[in-house]
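Given next are the chains, with one letter for each unit.
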Amino acid sequence: MVTLGVECALFEIGGTVHEIRFDAPLTALTGETRSGRSTVFEGLWWAVGVSGMKLMDAAAACDRIGFVARIGGTRWQILRSTEPQARDVSFTNVALGITEDHPVKGSESHRSAADVFQDLLGVPRLGKGRTRVTLDLLVPWLYARQRDLPNDYIGRQGKDQRIAVVRVLLGADDETVDALRQESATRTKKWKTADNRVKRILRDRKERDLPSVEVLERRGEQWTEQRAKALAEVERSGAALSRLQGELAALQEKATAAQETRRAAHAAADERMRTARQMETTAAEARGRLAGLREAAADPGLCPQCAQRLDPTGLGPDDCRVCRQFDPERQERTEQLQERMSRAQQSAEQASAAARRADQAADAARGRAGDADLSAVEASAAAGAFLKDVVVPQQKAVVETEAVARELTARLEQNAEHLKELAELTELRERLPGLEKGKETAEAAYTAARHDTDLMVKQATDRWSGHLLKRMQACDPEITTVSVSPEDFSVTLNGSAFDARAVAGHSMTRVNVSTLLALRDTARDVPAMKVPQFLIIDGPFTGLGDGVEDRRTGAALLEGLTDLATAEHPSGAGGQVVIATTELHGVPGPALREIRTSFSEGVIPGLPARKSTTA
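Notes on the structure in this doc start here. (Residues numbered from 1 in each chain as written. Predicted model: local features only at pLDDT ≥ 70, side-chain atom pairs only at ≥ 80, totals over all residues. Heavy atoms only, no water.)

1. A look at the packing of helix H8 (residues 330–475) against helix H9 (residues 506–525)
So, point 1. Here H8 crosses H9 at 135°, and the two axes come no closer than 8 Å. It follows from the interaxial angle that H8 and H9 lie oblique. By crossing handedness, the relation of H8 to H9 is classed as right-handed. Taken together, the residues of H9 that come into contact with H8 (itself represented by Ala 460, Arg 463, Trp 464, His 467, Leu 468, Arg 471, Met 472 and Cys 475) are Arg 510, Val 511, Ser 514, Thr 515, Leu 517, Ala 518, Leu 519, Asp 521, Thr 522, Arg 524 and Asp 525.
So, point 2. By residue class, the composition of the contact of H8 with H9 is nine nonpolar, four polar and six charged. (Axes fitted to C-alpha atoms, helices over the stretch in contact; angles between N-to-C directions. Helix = DSSP H or I, 4+ residues; strand = E, 2+ residues; numbered from the N terminus. Parallel < 35°, antiparallel > 145°, perpendicular 65-115°, else oblique. Left-handed = near helix turned anticlockwise from the far one by under 90°. Contact = heavy atoms within 4.5 Å. Nonpolar A, V, L, I, M, F, W, Y, C, P; charged D, E, K, R; others polar.)

This is the structure:
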């Protein structure tokens, strides 16, 4: 038996903790719309990390929110910070004063806060994937939300999820049954995997027309021998290629040296030609100076003024031929000029000789440059011919032998894979009977356990259907038949399925509320069930008017809620119901405590008053 009772909701603001106490069997938050009643309910489940619960604005204005609950006889205070970066929820054992922090999002090494809370409730987390029975799936059976009640059956829970949760709540599925189910699934998966692998290997072998083991082994020996020869040929060809590449490198080095010699010879020839041109220029200058001196040394034959021929008759060697006057230094100047002419003559002859020698040296340099050109061409041609005629064919031979070796290697690898597949096929065929027997044994064990639990579920849903019929007839006497399906726990009323939506609005609300109440009625009959005598309903009277039928329905629902709140379980545990509504229907009994709310004040104590948005 799961026992749960929420003593109060907690709201910490500025270091002060404010309470909303649920200290009556049936607590009703009543009053104006938008006063924050749903905020309180959502906050309770948000505090323990239930997915999909919204932290509304009023709750978000608090520093921390949570609640104090009695679970299995132990009082726990649970608080969670509203700061976005806060990641933990604190659980305090009130009697011992010991606090533990648990993350909102769990990991392999740490349980989440929701898992911790579920463990305290004693409801096992069975199954896997989206049907694993976690607190997220349990909450719709503990808390009915106002938006879901008039529209969807049990909080829009999917069929598979509903089946998984209710079987656990009914006590039909436990750790033993779940272990048998997992063992059956595991063994079935192993057998299917092996069987599918055998079929795939056989199909592939047939499609590719693969030979027998003997042929594959014979091929492997043959290809191994051929591959060894090919690898030896690769090594030999590689060595030969390496030697030839060395010879090619030597030829290329010679060609490079010849090119360097060619460049040096051309540079020397160019230098010799420049020197020859300079020498020729120097000789020409010397000849020009000699001609000038000769011209200056000759007596003038014409008058520099009238250009008439001069008459030297009667003039001595010291007389000027122009002015016909005596010039005592004429003879001395003539001798000096003759001496300068002699030196100029010698310089001109020397410069001409040097120019001839420079021309000869330039011709020789040009010859050497031509020889160097021929040597460079011959060396490059030799290297190119060796590369083309010797090295390239050897490279091609190496590539071809390597390709042969690679192909043989690939064949051997593929052959080994085929042999490995055949070995795997033989091994799987030997294992299959054992795997199939293990699968059948596990399936039989799980089927037997499931048969027993299905019988338990059938008995429980029969009781559940009977209690639900009473609850529904209290609301509507025209309901004559009600059944809860033992397969998927859906509800059928007078032959119409709830999910068919033949009815809407409060008709759906009363079915949801009555189904939850009837489930707890059944739990009082079957102590092994994991259903707590605890329920939160937001809007159980939504859509009811003042008509006779509506008043009867409202009174029946209030009576049913009061009945759950005041009923005592055979284990001695009492019930608790917390509801929210704009107004109560029916006649409240002494077990009910009403907490009136208003929009301006808000249901959460300690927050500033709010201004109305209407005139």
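2. What to know about the pairing of strand S7 (residues 98–103)
So, point 1. Bridge count between strand S6 (residues 88–93) and S7: six bridges; the pairing is antiparallel. If you follow Ser 90 over to S7, its bridge partner there is Asp 101.
So, point 2. The antiparallel hairpin formed by S6 and S7 contains four residues in its connecting segment, where Gly 97 sits at a positive phi of about 70°. (Pairing = 2+ DSSP bridges.)

3. Points about the pattern of salt bridges
Pairs can form between side chains of opposite charge once their charged atoms are near each other.
So, point 1. Applying the stated criterion across every chain yields a total of 40 salt bridges.
So, point 2. The shortest N-O distance in the salt bridge between Asp 23 and Arg 593 comes to 3.3 Å. Here Asp 23 is found in the loop between strand S2 (16–21) and strand S3 (26–31), whereas its partner Arg 593 is found in strand S14 (residues 592–597), with 570 residues between them in sequence.
So, point 3. Since its relative accessible area comes to 32%, Arg 593 is described here as partly exposed.
So, point 4. One salt bridge connects Asp 148 with Arg 156, and the closest N-O pair in it is separated by 2.9 Å.
So, point 5. According to the relative accessible area criterion, Asp 148 is buried, its value standing at 6%. (Salt bridge = Lys/Arg side-chain N within 4 Å of Asp/Glu carboxyl O. Buried < 20%, exposed > 50% of the residue type's maximum accessible area, 1.4 Å probe, protein only.)

4. Remarks on the pairing of strand S13 (residues 576–581)
So, point 1. With six of its six residues buried, S13 lies for the most part within the structure.
So, point 2. The pairing of S3 with S13 spans five bridges and is parallel. Among the inter-strand pairings, Leu 26 is bridged to a residue of S13, identified as Val 577.
So, point 3. Examined bridge by bridge, strand S12 (residues 534–538) and S13 share five bridges and lie parallel to one another. Looking at the pairing, Ile 536 lines up with Val 578 of S13.
So, point 4. Read as a crossover between parallel neighbours, the route from S12 over helix H10 (residues 548–566) to S13 is right-handed. (Right-handed = clockwise from strand over helix to strand, strands pointing away.)

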